[in-house]
Amino acid sequence: METSDPKMANERIFLWTTPRSLSTILAKAIAHMDGAAVWQEPYVSVYFSRVFHNPATFSKFPGMKTVAAQVKKIAETIDVVKGRYEGGNLQPQRDHPFTFDYVKAQLEKPLPEGKKFLLVKDHAFGIDGHYDQLPKGPSKHTFLIRHPNRVSLSVRRVLANVYEYEGDIDEFDIGASPFSSWDMLSEDPLYRLWNYVRENLEPNPVVIDADDLQNHTGDVMRKYCEAVGIPWKDIYTTWPASNDYVKYLYGGMEMVVWGEEYDFTTRAHSSSRISPTSGDVPAIPACCDGFAAEFREGYRVMYEHRIKPDQHSS
């Protein structure tokens, strides 16, 4: 990678979030901004590699055997599908195993030629407890939060799908997964990382809320861009519906293919705008409450620190 010109004040921007929080659609929006390069969840790829190599995973979370088989099958047949990403930046992880050292080295490289800034879109759980593996040099850390009720319902749908669950959805225990606290993960990694950033890196990191983003898209995106130093244009609230941009992301090809084949990134990848919420925050069934409860306090505190939209914006 060669250094690009002209430069922005914040050349490396992290967008930290939790699963099912609209981060993929926001990353697509930013990928279509002038001079953007986007890394797709490099630390999540590291986390999955660690999870799959941890003997405790499959005894504690039997459903992960199904997930591991899915990812293994994709890895074994990657030559069949990689043609759709030809000419892009995604790399098969069999050729470039995603370790902390590998990811850190990649993120410390100069910007790709012709690019003005790098967005690293990732989930906080990927680097939980390993903050020493953040890249050296200046970075701007930002956070996308979403109400835990909305997150838990969406997580339930995705996990039931990838676990190939065929029972009553209201009896599906979404806590039985390595995405809430267990041996390898602390409680509420996003809140923990936010506190680490505030105490060690920057006192007032940018926070935006997914409901605000949906209901006040232009205002929140503009304020976000202004806060991180991306020159704003009103045209940035819409983008091509095509998913052709995906191959130009940086990241592990297998994880991208898995997300598309099991339908938890398809809608975001084919989006052309961010749609408003469909109503008030929904109530959740008992099977989701334990998962949501883990994140309620962190969400409440971070919500108070969010960038607030103008009252009448849309």
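Small disclaimer: the values here were computed from a predicted structure and weren't measured. (Residues numbered from 1 in each chain as written. Predicted model: local features only at pLDDT ≥ 70, side-chain atom pairs only at ≥ 80, totals over all residues. Heavy atoms only, no water.)

K.L.:
Where do I start with the overall build of the chain in this structure?
P.N.:
Scanning the chain for helices and strands turns up 13 helices and seven strands. Its C-alpha radius of gyration of 19 Å places the chain within 12% of the 20 Å reference for a compact globule of 314 residues. Across its three principal directions, the C-alpha atoms of the chain cover 50 × 45 × 40 Å. Excluding contacts between residues fewer than 6 apart, the proportion of contacts in the chain whose partners are at least 24 apart in sequence is 86%. Taken as a whole, the chain presents about 14,100 Å² of accessible surface, with 48% of it coming from carbon and sulfur. (Helix = DSSP H or I, 4+ residues; strand = E, 2+ residues; numbered from the N terminus. Rg over C-alpha atoms; globule rule 2.2 N^0.38 Å. Contact = heavy atoms within 4.5 Å. Areas by Shrake-Rupley, 256 points an atom, 1.4 Å probe, with all protein chains shown as cover.)

K.L.:
Would you mind showing me how to read the pattern of salt bridges here?
P.N.:
Where charged atoms of side chains with opposite charge meet at close range, the side chains can pair. Tallying each qualifying case throughout the model produces 19 salt bridges. In this structure, glutamate 260 and arginine 84 form a salt bridge, with 3.7 Å as the shortest nitrogen-oxygen distance. In this pair, glutamate 260 is assigned in helix 11 (residues 253-261) and arginine 84 in the loop between helix 5 (78-81) and strand 3 (90-91), connecting sequence segments 176 residues apart. Classification of glutamate 260 by relative accessible area gives buried; the value is 18%. The class for arginine 84 is partly exposed, based on a relative accessible area of 44%. Here arginine 94 and aspartate 95 are joined by a salt bridge, their closest N and O atoms 3.4 Å apart. Several salt bridges share partner residues, and in doing so they unite Asp219, Arg222, Lys223, Glu226 and Asp310 into one network. (Salt bridge = Lys/Arg side-chain N within 4 Å of Asp/Glu carboxyl O. Buried < 20%, exposed > 50% of the residue type's maximum accessible area, 1.4 Å probe, protein only.)

K.L.:
Got a minute to help me understand the packing of aromatic side chains in this structure?
P.N.:
A ring pair, where both rings are aromatic, is described by two values, the distance of the centres and the angle of the planes. Inspection of every chain in the model, using the stated rule, returns 21 aromatic pairs. Ring centres of phenylalanine 14 and tryptophan 16 lie 5.0 Å apart, and the angle between their planes is 0°; on these two criteria the pair is classed as stacked. Neither phenylalanine 14 nor tryptophan 16 differs from the other in exposure class; each is buried. Ring geometry for tyrosine 165 versus phenylalanine 172: centroids 4.9 Å apart, planes at 50°, classification tilted. A relative accessible area of 31% places tyrosine 165 in the partly exposed class. For phenylalanine 172, a relative accessible area of 5% translates into the label buried. A network of ring pairs unites the aromatic residues Tyr47, Phe48, Phe52, Phe125, Phe179, Trp258 and Phe264 as a single cluster. Lying across the ring of tyrosine 303, arginine 306 places its NZ or CZ 3.7 Å from the centre. (Phe/Tyr/Trp six-rings, centres within 6.5 Å; stacked < 30°, edge-to-face > 60°. Lys NZ or Arg CZ within 6 Å of the ring centre and 35° of its normal.)

K.L.:
Help me out: how do you make sense of helix 1 (residues 23-31) in this one?
P.N.:
Given 3.6 residues per helical turn, the α-helix brings residues three or four places apart onto the same face. By the criterion of burial, helix 1 is predominantly enclosed, with eight of the nine residues buried. Where helix 1 is concerned, the buried positions are Ser23, Thr24, Ile25, Leu26, Ala27, Lys28, Ala29 and Ile30.

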